[in-house]
Amino acid sequence: MKALSLVLLFSLLSLAADAAPDVNTINSKFGFNIFPADKTDWQMTAFRKRSGIRLNGSAGHYSARFRKTVLDAPAEELSVYTAPDGKTIERISIVFANKGDTVDRHKSKIKAARRSVSSQLTGQLGAPSRKSFYAGTLREKTDMWKFNGTELYLEVSKKEFLMLHIVPAGKNKTTQKSDGRDYSKNVKTNKFGDHWIPNIPMVDQGAKGYCVPATMARVFLYYGIKVDMHHLAKIGDTSRSGGTDTDRIIKDVKSMRRRCNLKCSGFSGLSVRTVARYIDKGFPIMWVMFSTRELQQVYIFSRQNRRKAASPQEWERSLKKISIPQKEDGPHLCLIIGYNRITDEIAVSNSWGDAHIAPTWIPMKVARKVCRNNLTVFSP
């Protein structure tokens, strides 16, 4: 009888050890309420409420600069990827130490963060299995844990970054492709003569010199392909302070782009007519240019005064006063997302956060002064 009691006792202890922790315990390890009590409740409205995180962005991609300790490691950034309607969460990615945000010794900090995060997850959820994580069409081998109807993928690139991806069951798709729909329906027009694409997701590069991977990630997200700027920075060998070879990264993402069913075309000779050819189809244009101090002043002038103009003709007369010198300072990549034939302007959008989602209009004569004649379009 005593022996039987001991067997039962050890069995109960074993079951208790194997029991999964509750949601509150795991959320306390993360430092915020990332997991819902109802394991199926992965809606943006509910996540905003329970997490208390102020997220910027729009349907498809939301993000926050995220200075928190998560799983005993300092986190830098949080991204939420949603279905096109912006309601259902398909992935949450937490970025820890990385080449762009980590000022010094980022390789050793990546290693230390990996040790902490892995130890915490293993302590709570048991030993991981090796599984593939898919970002866009990129396939990465990772450690994977399961909890409360989700899969947690710890992705490490020793020289680049550490990321933890929380994916509701069934959302880690092996293939993400452009759906080939009619993107011209995204183009908006108004009585002022503006034609522009308003719904391109924002990717905020922050203080990193990541304008190329961030801008390219925005385009992929626009076509429904959930790739991260850190993955693209790795492909393009982007340095922390900037310095991505645009031609090289466009070439290096060639196989990925083809798997996503995206074509690539380039052109030079910037004009409203040429820009309109792509914008009217709903295709944003990646533009290599020089972000000079004088151009920033034009941005400010446009934001402060354009809406005050009674008509496009009146605004066109105001633009005649604007002139900037031709300089080759501050090489930069941004998006051209609109045009106005009456005022001879283009609309640009930079990867600098929500304040830059709305288009900034600049005269074509200014654009030509800062243009590097390198324009690229990805299209279905």
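Because the structure is predicted, anything quoted here is derived from the model rather than measured.

Draft legend 1. Quick look at the packing of aromatic side chains. Throughout the structure, instances matching the rule amount to 11 aromatic pairs. With a centroid separation of 5.5 Å and 80 degrees between ring planes, the pair formed by Phe30 and Phe35 is classed as edge-to-face. For the pair Phe30 and Phe35, one class covers both residues: buried. Relative to Trp42, the ring of Phe35 has its centre 6.1 Å away and its plane inclined at 85 degrees; by these criteria the two rings are edge-to-face. Across this residue pair, the class does not change: Phe35 and Trp42 are buried.

Draft legend 2. Broad picture of the side chain of His356. One can find His356 in the loop between strand E14 (345-349) and strand E15 (360-363). Dropping the residues within four chain positions of it, His356 is found in contact with Met202, Arg303, Ser349 and Asn350.

Draft legend 3. Representation of the pattern of salt bridges within the structure. This structure, assessed with the given rule, holds 10 salt bridges. Ionic pairing is found between Glu345 and Arg306, a salt bridge with its closest N-O pair at 2.8 Å. On the criterion of sequence distance, the pair formed by Glu345 in strand E14 and Arg306 in the loop between helix H10 (293-305) and helix H11 (312-319) is long-range, its members being 39 residues apart. Accessibility classification places Glu345 together with Arg306 in one group, the buried group.

Draft legend 4. Spatial organisation of helix H9 (residues 272-279). Counting buried positions over the eight residues of H9 gives six, a clear majority of the element. What H9 keeps buried is the set Val272, Thr274, Val275, Ala276, Tyr278 and Ile279.

Draft legend 5. Representation of the nonpolar core in the model. Counting 72 residues, the largest nonpolar core has Phe220, Leu270, Trp287 and Ile346 as its most contacted members. It is helix H5 (residues 211-222) that provides the largest number of residues to this core, a total of nine residues. Apart from residues no more than four positions distant in its own chain, Phe220 is found in contact with Ile225, Val227, Leu232, Met256, Arg257, Cys260, Leu262 and Phe378. Counting 36 residues, the second-largest nonpolar core is a separate cluster that includes Val70, Ala75, Leu78 and Leu121.

Draft legend 6. Up close: the pairing of strand E8 (residues 161-168). Among the eight residues that make up E8, eight are buried, leaving the element largely enclosed by the rest of the structure. By the alternation rule, side chains of E8 split into Phe161, Met163, His165 and Val167 and Leu162, Leu164, Ile166 and Pro168, which are all buried. As paired elements, strand E4 (residues 89-98) and E8 share five bridges and run antiparallel to each other. Looking at the pairing, Val95 lines up with Met163 of E8. In the sheet, strand E7 (residues 150-157) pairs with E8 via eight bridges, with the strands oriented antiparallel. Paired with Glu151 across the strands is Val167, a residue of E8. Hairpin connection from E7 to E8: three residues lie between these consecutive antiparallel strands.

Draft legend 7. Highlighting the sheet that holds strand E2 (residues 61-70). In spatial order, the strands read E1-E2-E3-E4-E8-E7-E6-E5; together these eight strands make up an open sheet with antiparallel pairing. On the outer flanks of this sheet lie strand E1 (56-58) and strand E5 (129-135), each paired with one strand and no other. The average angle at which neighbouring strand axes cross in this sheet is 30 degrees, direction not considered. Relative to the sheet, helix H2 (residues 23-30) contacts E2, E4, strand E6 (138-147), E7 and E8, its axis offset from that of E2 by approximately 85 degrees.

About the thresholds
Residues numbered from 1 in each chain as written. Predicted model: local features only at pLDDT ≥ 70, side-chain atom pairs only at ≥ 80, totals over all residues. Heavy atoms only, no water. Phe/Tyr/Trp six-rings, centres within 6.5 Å; stacked < 30°, edge-to-face > 60°. Buried < 20%, exposed > 50% of the residue type's maximum accessible area, 1.4 Å probe, protein only. Helix = DSSP H or I, 4+ residues; strand = E, 2+ residues; numbered from the N terminus. Contact = heavy atoms within 4.5 Å. Salt bridge = Lys/Arg side-chain N within 4 Å of Asp/Glu carboxyl O. Core = buried A, V, L, I, M, F, W, Y, C linked by side-chain atoms within 4.5 Å. Pairing = 2+ DSSP bridges. Axes fitted to C-alpha atoms, helices over the stretch in contact; angles between N-to-C directions.

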